[in-house]
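Now for the letters of each chain:
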Amino acid sequence: MVNQTDERKQAVNQKQKMTPSEAIVETLVAENIKEVYGIVGSAFMDMLDLFPAAGIRFIPVRHEQSAGHMADAYERVSGTAGVIVGQNGPGITNMVTSVAAANQAHSPLVVISPSAGTNAIGMDGFQEANQVSIFKDITKETVQVTNKNRVADKLRTAFRIAYAERGPVLFDIPRDLFYGEVEDVILEPHQYRADKRGVGDPASIEHAVELLKNAKNPAIISGRGSVDAEGVDSVVKIAEYLTAPGATAYMHNDAFPADHPLAVGPIGYMGAKSAMYSLQEADVVLAVGTRLSQFGTLPCYDIDYFPTHAKIIQIDINPRQIGRTHPVEVGIIGDAKAASDEIYRQLKLAMPSPEKDNERIQAVTKRKEEWEQELVDSAMEDGDPINPRRALLEMTRAMPENAIVSSDIGNVSSTANAYLKFNQTRRHIAALTFGNTGFAYPAALGAQLAEPDAPVFAIVGDGAWGMSLHEVSTAVEQNIPVIACVFNNKAWAAEKKNQVDYYDDRYVGSDIKAPEFAEVAKSMGALGYTIDKPEDIGPAIEDVLKQRKPAVLNIYVDGTQLAPPFRKDALKMPTRLLDKYKHLDYEVWG
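Presented here is an overview of the structure given in this document. Keep in mind the model is a prediction, meaning the values are calculated, not measured.

Digging into the pairing of strand S7 (residues 168-174)
Of all 7 residues making up S7, 7 are buried, and the element is well covered by its neighbours. Side chains Pro168, Leu170, Asp172 and Pro174 project from S7 onto one buried face, and the interleaved Val169, Phe171 and Ile173 project onto a second face that is buried too. Here 7 bridges tie strand S5 (residues 109-115) to S7, and the two strands are oriented parallel to one another. If you follow leucine 109 over to S7, its bridge partner there is proline 168. As judged from the 4 bridges shared by strand S6 (residues 141-144) and S7, these two strands associate in the parallel manner. Opposite glutamine 144, over in S7, you have aspartate 172 as the bridge partner. Read from S6 through helix H9 (residues 151-165) to S7, the crossover connection turns out right-handed.

Regarding the packing of helix H15 (residues 358-379) against helix H16 (residues 388-398)
Two elements in contact, H15 and H16, have axes whose closest approach is 7 Å; the angle formed by their N-to-C orientations is 120 degrees. By the angle class used here, H15 and H16 are oblique. Listed contacts from H16 to Leu375, Val376, Ser378 and Ala379 of H15 are Arg389, Arg390, Leu393 and Arg397. Here the contact of H15 with H16 is built from residues that sort into 4 nonpolar, 1 polar and 3 charged.

Observations concerning the nonpolar core
In terms of nonpolar packing, the biggest core is built from 64 residues, with Met395, Phe457, Phe487, Leu553 and Ile555 touching the most fellow members. The contact partners of phenylalanine 487, leaving out residues within four places of it in the chain, are Pro388, Ala391, Leu392, Met395, Val412, Ile459, Val460, Gly461, Asp462, Ile555 and Val557. Within the second largest apolar cluster, 50 residues are counted, among which are Val61, Ala100, Ala440 and Val486.

A word on helix H13 (residues 273-280)
Burial of H13 is extensive: 6 of the 8 residues sit out of reach of the surface. Within the sequence span of H13, burial applies to Lys273, Ser274, Ala275, Met276, Ser278 and Leu279. Tucked inside the fold, the buried residues of H13 contact strand S9 (218-222), strand S10 (246-248), strand S11 (263-266), strand S12 (284-288) and H15.

Things to note about the sheet that holds strand S3 (residues 57-60)
In space, the 6 strands of this open sheet follow the order S3-S2-S4-S5-S7-S6, with parallel pairing throughout. Only two strands of the sheet have a single neighbouring strand rather than two, namely S3 and S6. For this sheet, the mean angle separating the axes of adjacent strands, direction not counted, is 25 degrees. Two elements, strand S2 (residues 35-38) and S3, share 4 bridges in a ladder whose sense is parallel. Within S3, the position partnered with tyrosine 37 by the bridge is isoleucine 59.

What to know about the packing of aromatic side chains
Any pair of aromatic rings gets described here by the distance separating the centres and the angle formed by the planes. One pass over the structure, following the stated rule, counts 8 aromatic pairs. Between phenylalanine 44 and phenylalanine 58, the ring centres sit 6.4 Å apart and the planes meet at 55 degrees, which makes this aromatic pair tilted. Taken as a pair, phenylalanine 44 in the loop between S2 and helix H3 (45-48) and phenylalanine 58 in strand S3 lie far apart in primary sequence, 14 residues in all. We note that phenylalanine 44, like phenylalanine 58, is buried. Across the ring face of tyrosine 192, the terminal group of arginine 156 is positioned such that the distance to the ring centre comes to 5.8 Å. In this structure, lysine 273 is placed above the aromatic ring of tyrosine 301, and the distance from its NZ or CZ to the ring centre is 5.2 Å.

Let's talk about unusual backbone geometry
For the peptide bond that leads from aspartate 384 to proline 385, omega is 5 degrees, which places it in the cis range. Here proline 385 lies in the loop between H15 and H16. Although it is not a glycine, methionine 251 sits at a positive phi angle of roughly 60 degrees. The class for methionine 251 is buried, based on a relative accessible area of 4%.

A word on the sheet that holds strand S14 (residues 330-333)
Taken in spatial order, the 6 strands make up an open sheet running S11-S10-S9-S12-S13-S14, and their pairing is parallel. Edge positions in the sheet fall to S11 and S14, since each has one partner strand and no second. With direction set aside, neighbouring strand axes in the sheet form an average angle of 15 degrees. Pairing of S9 with S12 involves 5 bridges; the strand directions are parallel. In the strand pairing of S12, alanine 219 is matched with valine 285. Together, S9 and S12 form the strand contacts of helix H12 (residues 232-242), whose direction differs from that of S9 by roughly 165 degrees.

Considerations on the environment of leucine 177
The topology assignment puts leucine 177 in the loop between S7 and strand S8 (182-184). Using a relative accessible area of 10% as the deciding quantity, one classes leucine 177 as buried. Sequence-wise, leucine 177 and valine 151 are 26 residues apart; in three dimensions their C-alpha atoms are separated by 8.4 Å. In this structure leucine 177 touches Pro20, Thr118, Val145, Thr146, Asn147, Lys148 and Val151, once residues within four positions along its chain are discounted.

Observations concerning helix H5 (residues 64-78)
With 15 residues, H5 extends 21 Å from end C-alpha to end C-alpha; this agrees with the ideal 21 Å at 1.5 Å per step. Among the 15 residues of H5, 14 are classified as buried, and the element is accordingly described as predominantly covered. Of the residues one or two after H5, glycine 79 is the one with positive phi, at around 85 degrees.

What to know about the environment of threonine 80
Tracing the backbone shows threonine 80 in the loop between H5 and strand S4 (82-85). Along the sequence, threonine 80 and leucine 553 sit 473 residues apart, while their C-alpha atoms lie 30 Å from each other. Dropping the residues within four chain positions of it, threonine 80 is found in contact with Glu31, Asn32, Ile33, Tyr74, Glu75 and Tyr163.

Calculation notes
Residues numbered from 1 in each chain as written. Predicted model: local features only at pLDDT ≥ 70, side-chain atom pairs only at ≥ 80, totals over all residues. Heavy atoms only, no water. Buried < 20%, exposed > 50% of the residue type's maximum accessible area, 1.4 Å probe, protein only. Helix = DSSP H or I, 4+ residues; strand = E, 2+ residues; numbered from the N terminus. Pairing = 2+ DSSP bridges. Right-handed = clockwise from strand over helix to strand, strands pointing away. Axes fitted to C-alpha atoms, helices over the stretch in contact; angles between N-to-C directions. Parallel < 35°, antiparallel > 145°, perpendicular 65-115°, else oblique. Contact = heavy atoms within 4.5 Å. Nonpolar A, V, L, I, M, F, W, Y, C, P; charged D, E, K, R; others polar. Core = buried A, V, L, I, M, F, W, Y, C linked by side-chain atoms within 4.5 Å. Phe/Tyr/Trp six-rings, centres within 6.5 Å; stacked < 30°, edge-to-face > 60°. Lys NZ or Arg CZ within 6 Å of the ring centre and 35° of its normal. Expected span 1.5 Å × (residues − 1).

So, in structure tokens, the structure goes:
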């Protein structure tokens, strides 16, 4: 009996009669797509009907926004582009936030977007929307099918651009074009896209090597590009050769192994002071696979750490990102691994026997120890009922070495940046700079599907959990054993901190009343734990890991122990000019 793979290979470069739906599904099979996320809809049902026979698992979510976050995280862990689909109109527009988040996260994603039928376009028909226009600014490209004979070609274009430009692409197809008959060829990915980018401009590499060779205090920032290119080991080799401290870009804590003697931790909001002080004194900074985002390099803890006088060498696959936020001495457009390997090779030729700088290693070690102690000391301050830092500390201590952690946006989720440490890549799945709440839990579900044997945790605030808890039903239904750690301080705490510091403790819209989340989880068929003592966190995690079932840990934390304002750069003390509001002016506060 000939299996499906053999049949598909036999069909390469041979035209076959098929339906447009079959052409789409066979292209997905060629792209090694194993899961597609969405909510069932009549617009694409002809294609959906083929999924089981094609070996594609359809994961039905409770809200289409979750589909985008799941696919985003699936790609970050697996390296294979995520695919989502929904009903034309509201099903697709429900995906706007998660697609925009994937766009800023540089996650390859293909949005199969059924649209109004060709005979009804522009008639304001049922569930009609101009989806192409809506998605233009939040995708790398919008690809439109205008003829059924082009469905496979257009879908190939969508994948090619998604991988090449590292982001989502909209594949828009009128719903009637799933039907009919076409003659087409199903190509293998290597026939229509190439992934290798090379080392970059040779002269730029040579200039970078010369700068690093002569640097007195070199430092390295490793970002997602290093992870995606499987290049973290290459970055580590450069760090070791130069005895250079290795920091990670904002919320990419898996981009340099935390247990390495030269690792100094993450930069950015609520990052590591050890990383910030190491960068502050650098004369040359090698930034590998990072766009050095504006938000991710802002001062933190009142430390203005990003060096303005250092010579920056930036390696990025996307020329748009070179020098975008910080002026560079050398910009290298290339693959993070390939460029790092070439820099390492040339460094060995330029300085054959470098002496290990033991003094620098000792300084790095001392800074890390001081920072680690500060984190523990902060966590051990009493809270009512639990200091959120203590909860993070206990959680990270209980997590296995290979754990994958997704984190949301919010006060506690952001504070987690300081506590999360990884020694393996593709472990840290953060909401990043789009900054939308409700990301972490569906992202954790996608990460779990990408790596079924790894324990997966989601760090979520109670505000964000209100946008996520409906997907516990999905986790139970699909048997996805993610552990949701809900840090419950009964507030939108990041915003509440702004009201504490800038609005004289006037709370408008920041307090939350919610049901007992553990009981809600149990009613959905998941495990549920209510925790109000820090010593109960570790045993609860241990119990859940043994059972390997979806679980919700409702961890009550102190709502007064808050991190610094999340957007300190964008806030000012309030002034009021009208008499009726004068009592709210900061100058008249008691």
